[in-house]
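If you want the building blocks of each chain, they are given just below.
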Amino acid sequence: MSLYQLIRIVVSLAIVAGLFFILRKKLRQKVLMIGLLVVFVLADVLLCELPIENTFVSFRTPQEAARYVGIEDVSFVIEGQSSGLVISGGQGEYQEKIFPKIADGWGVGGESATHIRSFFSEDSVAGQLVQYKETKEYYIVVIFAGTVDSIEDSLGSTFQTLQVGDGITSDSILVAYIPEYTSQYMLTINDKTVNIP
């Protein structure tokens, strides 16, 4: 269990304990226990969505912020202007989470701060468009069945290779920061244009 999760459980338990001592003589035991369980779950969810640590703690790198929330195996980081996409895992089983840049370094985002805005799939190309909260910070993850000889987009983004595929036993995976995504965004892989919804 990460320190991030432990803090949220301890604070939620403290809230529940306080309510228990206030309400234990005013409510029936069964009603009180059900109510306290609901309060615990709601407090935990709310605390996971509102990372209060960002007001008094910062991390030097996105990897440190990732370790704080329990992501140990960071394999890749793509930095944007005010955030960074952290990719963990390996061998085709990757997970992603976006962390915000704050005044003194890096912070943590809420559990639902990383939004998958779009999935796309066309012939031998698939992927997703990921956004940080309601900002202009977008990232694109592209999976291609085969070897990528060339990749470019309508914004001139810099694509980084996460995994080189052979088209038989593995796929190529590429990632890029998209600074100004619009509905006219176009992606071209090996001279084939892919529309991103």
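K.L.:
Which residues make up helix H2 (residues 29-49), and what values do they have?
P.N.:
For H2, with 21 residues, the first-to-last C-alpha span of 30 Å sits near the 30 Å given by 1.5 Å per residue. Among all positions in H2, only Leu32, Leu36, Ala43, Leu47 and Cys48 are buried. Here the buried residues of H2 occupy an arc of 130° about the axis, which is enough to place them on one side. Along H2, the residues that are exposed and aim more than 90 degrees away from the buried face are Lys30, Leu37 and Leu42. If you follow the buried residues of H2, they end up packed against helix H1 (3-23).

K.L.:
If you had to explain the sheet that holds strand E2 (residues 83-90) to someone new, which residues and values would you point to?
P.N.:
Spatially, the 4 strands line up as an open sheet ordered E1-E2-E3-E4, and their pairing is antiparallel. The sheet terminates laterally at strand E1 (74-79) and strand E4 (105-106), the two strands that pair on one side only. Here E1 pairs with E2 via 5 bridges, running antiparallel. Counterpart to glutamate 79 in the pairing with E2 is glycine 84.

K.L.:
I'd like a rundown of the nonpolar core, residues and numbers included.
P.N.:
Among the nonpolar cores identified, the biggest contains 17 residues, and Phe120, Ile140, Val142, Phe159, Tyr185, Leu187 and Ile196 are the most heavily contacted of them. At the level of secondary structure, the elements contributing two or more residues to this core comprise strand E6 (125-132), strand E7 (138-144), strand E10 (172-178) and strand E11 (186-189). The element that contributes the greatest number of residues to this core is E7, accounting for 4 residues. Setting aside its immediate chain neighbours within four residues, isoleucine 196 contacts Ser118, Phe120, Ile140, Tyr181, Tyr185 and Leu187. Counting 14 residues, the second largest nonpolar core, distinct from the first, contains Phe76, Val130, Tyr139 and Tyr177.

K.L.:
Before we move on, could you go through H1 and cite the residues and values that matter?
P.N.:
Under the 1.5 Å per step criterion, the end-to-end length of H1 is 30 Å for 21 residues, consistent within 8% with the ideal 30 Å. Of the residues making up H1, those classed as buried are Tyr4, Arg8, Ser12 and Val16. Taken end-on, H1 shows its buried residues confined to a sector of 95°, consistent with a single buried face. Where H1 is buried, its residues contact H2 and helix H3 (62-68).

K.L.:
Requested: an account of the sheet that holds E11, with residues and values cited.
P.N.:
With antiparallel pairing, 3 strands are arranged side by side in an open sheet as E8-E11-E12. Every other strand in the sheet has two partners, leaving strand E8 (151-153) and strand E12 (192-195) as the edge strands with one partner each. Looking at each pair of strands side by side, their axes are set apart by 25° on average, direction ignored. As judged from the 3 bridges shared by E8 and E11, these two strands associate in the antiparallel manner. Bridging from a neighbouring strand, isoleucine 151 pairs with isoleucine 189 of E11.

About the criteria used
- Residues numbered from 1 in each chain as written.
- Predicted model: local features only at pLDDT ≥ 70, side-chain atom pairs only at ≥ 80, totals over all residues.
- Heavy atoms only, no water.
- Helix = DSSP H or I, 4+ residues; strand = E, 2+ residues; numbered from the N terminus.
- Expected span 1.5 Å × (residues − 1).
- Buried < 20%, exposed > 50% of the residue type's maximum accessible area, 1.4 Å probe, protein only.
- Arc of directions from axis to C-beta.
- Contact = heavy atoms within 4.5 Å.
- Pairing = 2+ DSSP bridges.
- Core = buried A, V, L, I, M, F, W, Y, C linked by side-chain atoms within 4.5 Å.
- Axes fitted to C-alpha atoms, helices over the stretch in contact; angles between N-to-C directions.

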